[in-house]
Amino acid sequence: MEENTAPSNSYRLRCSIPGHEMDVRGLAAAVFSEGAFVSVSRDRTGRIWVPNSSPDNGFTEMQCMSGHSNFVSCVCVIAPSEMYPRGLIATGGNDNNICVFTVDQPQPLYTLKGHKNTVCTLSSGKFGTLLSGSWDTSAKVWLSEKCMMTLQGHSAAVWAVAMLPEQGLMLSASADKTIKLWKAGQCERTFTGHEDCVRGLVVISSTEFFSCSNDTSIRRWLVTGECAQVYYGHTNYIYSIAVFPNSRDFVSTGEDRTLRIWRSGECTQTLRLPTQSVWCCCILPNGDIAVGASDGIIRVFTEAEDRMASAGDLQAFEDELSNATIDPKTGDLGDIKIEELPGREHLNEPGNRDGQTRLIKDGQKVEAYQWSVSDGRWMKIGDVVGGSNQQTSKSVMYEGKEYDYVFTIDVNEGGPSMKLPYNVSEDPWLTAHNFLQKNDLSPMFLDQVANFIIENTKGHVVGAAQPDGGDPFTGGARYIPGSADGRPNFGGDPFTGSGRYIPGSGPSSVAPEGVSDPFTGGGAYSSAKCTNIYFPKTDGVTFEQANISQIVGKLKELNAGAPQEHKLSGDFLESLERLLVSVCGPNEGPPTIQQINLLWKASHWPEDIVFPVLDILRLAVRHPQVNESLCGEAEGVQLCNHLLSLMRPEGRAANQMLALRILCNCFSRRHGQALLMAQREAVLSRAADLAAVCNKNIHIALATLVLNYAGCLHNQPDLEAKAQCLSVASRALETVQDKEAVFRLLVALGTTVASDQTAQDLARSLGVGAQISLYATVSDPSKLGECCQLLLKELQ
């Protein structure tokens, strides 16, 4: 039986690969060749390494990939597909781009553009989805070379992202010290506990994940929100973490020059490296560990004796380590008081744990040693120098990002000082120009600032690479598509409970199943088994029912009891009644501008009595003159904002429902449709939140709004808008129970994915098929089961 834990042997060096000219910032195990991996570097390249058969157990460079115009910050492997049976490689860079490569070509297959700052983290999921995180504070979901969703909610750079095994669940970690869980594009939960920038994430299972942080801790989390365990051991920033196949043991690397092995919750081995920043690590299928560091060297460690480096190479590595200089300013060794340090005799006493460090004084020299449990001895890890003149690649954090320097500039004596972040790879003149522009300073300072930068960075090598941030898209995938006509049956007056006046209600004539229009119950369709009569549905669905006498009666009743300052005059009421008759009667004259203005004014009545006015507005916006007047460019935004205020979560259910119906009816005319498409982000964000209100009439109106948006987007190339439609419909299905509302949401989903392969792929990646499958066997009403089966067929 195979052992389910990482073997307890100690890791030792297998080989060193001097494959890059600058910091190695990312590593990923490859799928196309046994034991291969990919590395990316600040030298702007990515490289594929495959094991060779030489006696030194080394690796050979199979491919050098280039395509970024600046540092490459991260890498991930996209799983094999029918089109790309060897998988793809995605890299993110400081040029704000993501390059996607095949394994056999040095130039990108395609480039993904959209982030506004460095792309510093990538993760791949099912069906070819790719998740990216950036210094622009956003994460993005990509599919088929397009951005499908933008996840916005962090207030600082997104340093790490990960896809959970359950479809549609994603994680992001940020310099704002939080981790967020996203489902179908919306933030479901925020994890707090880290005290500094969260730098790394790794998924353990569908219910757990690890995070690591600049606060020197590693945390194990449950997706339900609880922190199950905190691990301490590192003495400086922790940059990366990787988990063994047993899903329990893991490895981590950081700014304290170490790779640490954790077994059963304890740090069982600490491997020091002769370089300051150990940026990244990955675990190869055979259990070996590859690490990348600021000296441009990739080192592979193994616990298999037959793969370990020769005795000579191991000794050379130990010598390199012992000759390293350690700058006490990094804080890795604590406060050092040379006069209080013991002498060499202190090394005769054994250490207490693997990785324990001990400083000894040898004359005026301070040496650092580390205890090795496997060797049973103290190993020298370097000489401690008071002020090393070598610049380490330790970076300075400023506004959640890494820089080699952050200068304080005083332009005006006595005025406020300004921060100037700078990386030594940048053009000092361009940096100075941008600094002056940002701070609204005179161009006359250009030479002065640029020379200041040059003077203060002389002779320094490039420090650490940084990730970027900024979102070009609209963000949060909470856009609601959809439109389908419906005649909801109400059990009682949603306002008074009396059953007398029911806004929007009317006789519901239901034709026999199988021959009825699935929306109106009329006899418009005949349902043949092989014919899809449900979607795509591109004609808008509106709420048409009107009972003029009941609406006017309720309006007069409420006006009689209204406070004096809100009472409407007899002429005012008569104008509203005439407008109502005008918009509902086929042979009536058009409403006047004065009547429309009075309707708009009356719609701002107190919220506890405004509902009959809103019902008049619902019917009025279907009329061409009213639609143009209230939804036109000048007034349209005011109308939207007013309706959104009525839809706020703490508002009255009757007003929420009527506001949703007004929005649905706005789609019936050109001006209203243009307004709602322009305002879709705000409208659908607010509407989506109403799925949580326990009210079937609200749910039907919400589903109809989603469907109307989906109909407008059908055959349109706006893939991110379609992604928002999918997201909102998918999320609404989690809480909506009413069968008519569920049916309309299914039609909205079907309309969104019909004839659009990319939208279908995204729906699969969000787990829509699994989510809706329970409706496939519903026979009452039969349209629900039939529509579901057709949608599942689309998503096969």
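Higher on the page you've got the structure.
Below or above, wherever it landed, is the structure these notes cover. (Residues numbered from 1 in each chain as written. Predicted model: local features only at pLDDT ≥ 70, side-chain atom pairs only at ≥ 80, totals over all residues. Heavy atoms only, no water.)

Digging into the sheet that holds strand 26 (residues 278-283)
- Read from one edge to the other, the open sheet built from 4 strands follows the order 1-28-27-26, with strand pairing classed as antiparallel. Because the sheet does not close on itself, it has two edges, and the strands there are strand 1 (12-17) and strand 26. On average, adjacent strands in this sheet sit at an angle of 25° to one another, irrespective of strand direction.
- The sheet contact formed by strand 1 and strand 28 (residues 298-302) spans 5 bridges and is antiparallel. From the neighbouring strand, Leu13 faces strand 28, where its bridge partner is Phe301.
- Set on the sheet, helix 1 (residues 311-322) makes contact with strand 1 and strand 28; between it and strand 1 the angle comes to about 80°. (Pairing = 2+ DSSP bridges. Helix = DSSP H or I, 4+ residues; strand = E, 2+ residues; numbered from the N terminus. Axes fitted to C-alpha atoms, helices over the stretch in contact; angles between N-to-C directions. Contact = heavy atoms within 4.5 Å.)

Quick word on unusual backbone geometry
- With an omega of 5°, the peptide bond running from Phe535 to Pro536 counts as cis.
- Residue Pro781 is bonded to the preceding Asp780 through a cis peptide linkage, with omega at 0°.
- By the secondary structure assignment, Pro781 is in the loop between helix 17 (768-772) and helix 18 (782-794).
- Although it is not a glycine, Arg44 adopts a positive phi angle of roughly 75°.
- Mapped onto the elements, Arg44 comes out in the loop between strand 3 (37-41) and strand 4 (45-51).

Here we look at the packing of helix 5 (residues 570-584) against helix 6 (residues 593-602)
- Direction vectors running N to C along helix 5 and helix 6 enclose 110°, while the axes themselves pass 9 Å from each other. Between helix 5 and helix 6, the interaxial angle falls into the category roughly perpendicular. Along this stretch, helix 5 crosses helix 6, giving a crossing that reads as left-handed. Contact residues: helix 5 offers Phe572, Ser575, Leu576, Arg578 and Leu579, while helix 6 offers Gln595, Ile596, Leu598, Leu599, Lys601 and Ala602. (Parallel < 35°, antiparallel > 145°, perpendicular 65-115°, else oblique. Left-handed = near helix turned anticlockwise from the far one by under 90°.)

Here we look at the state of the cysteines
- Enumeration over the complete set of coordinates arrives at 0 disulfides.
- Free cysteine Cys74: the closest other cysteine sulfur is in Cys120, separated by 6.5 Å.
- Unpaired in terms of disulfides, Cys666 finds its nearest cysteine sulfur in Cys631, a separation of 3.9 Å. (Disulfide = S-S within 2.5 Å.)

Considerations on the environment of Met418
- Take Met418: it is sitting in strand 36 (residues 418-422).
- Owing to a relative accessible area of 18%, Met418 belongs among the buried residues under this scheme.
- A C-alpha to C-alpha distance of 8.2 Å links Met418 and Phe407, two positions 11 residues apart in sequence. (Buried < 20%, exposed > 50% of the residue type's maximum accessible area, 1.4 Å probe, protein only.)

Structural notes on the side chain of Ser39
- Looking at the element boundaries, Ser39 is found in strand 3.
- Exposure remark for Ser39: the relative accessible area of 0% places this residue in the buried category.
- Polar side-chain contacts of Ser39 include one of 2.7 Å to the side chain of His20. (Polar contact = N/O pair within 3.5 Å; in protein donor to acceptor, adjacent residues only side chain to side chain.)

A word on helix 9 (residues 636-646)
- What helix 9 keeps buried is the set Gly636, Leu639, Cys640, His642, Leu643, Leu644 and Leu646.
- Residues of helix 9 that are buried sit in contact with helix 6, helix 7 (611-620), helix 8 (624-631), helix 10 (653-666), helix 11 (670-678) and helix 12 (680-689).

Notes on the sheet that holds strand 25 (residues 266-272)
- Spatial strand order, 22-23-24-25: 4 strands in an open sheet with antiparallel pairing. Single-partner strands in this sheet number two, and they are strand 22 (238-243) and strand 25. Between one strand axis and the next, the sheet turns through 20° on average, direction left out of account.
- In terms of strand pairing, strand 22 meets strand 23 (residues 250-254) through 5 bridges, oriented antiparallel. Residue Ser240 lies in a different strand from strand 23, and its bridge partner there is Thr253.

Quick notes on the pairing of strand 18 (residues 198-203)
- The buried count for strand 18 comes to 6 of 6 residues, which makes it a mostly enclosed element.
- Relative to strand 19 (residues 208-213), strand 18 runs antiparallel, the two being bridged by 5 bridges. Counted as the bridge partner of Val203 is Phe209 from strand 19.
- The loop that links strand 18 with its antiparallel partner strand 19 comprises 4 residues.

None of the figures reported here should be taken as evidence of function without further support.
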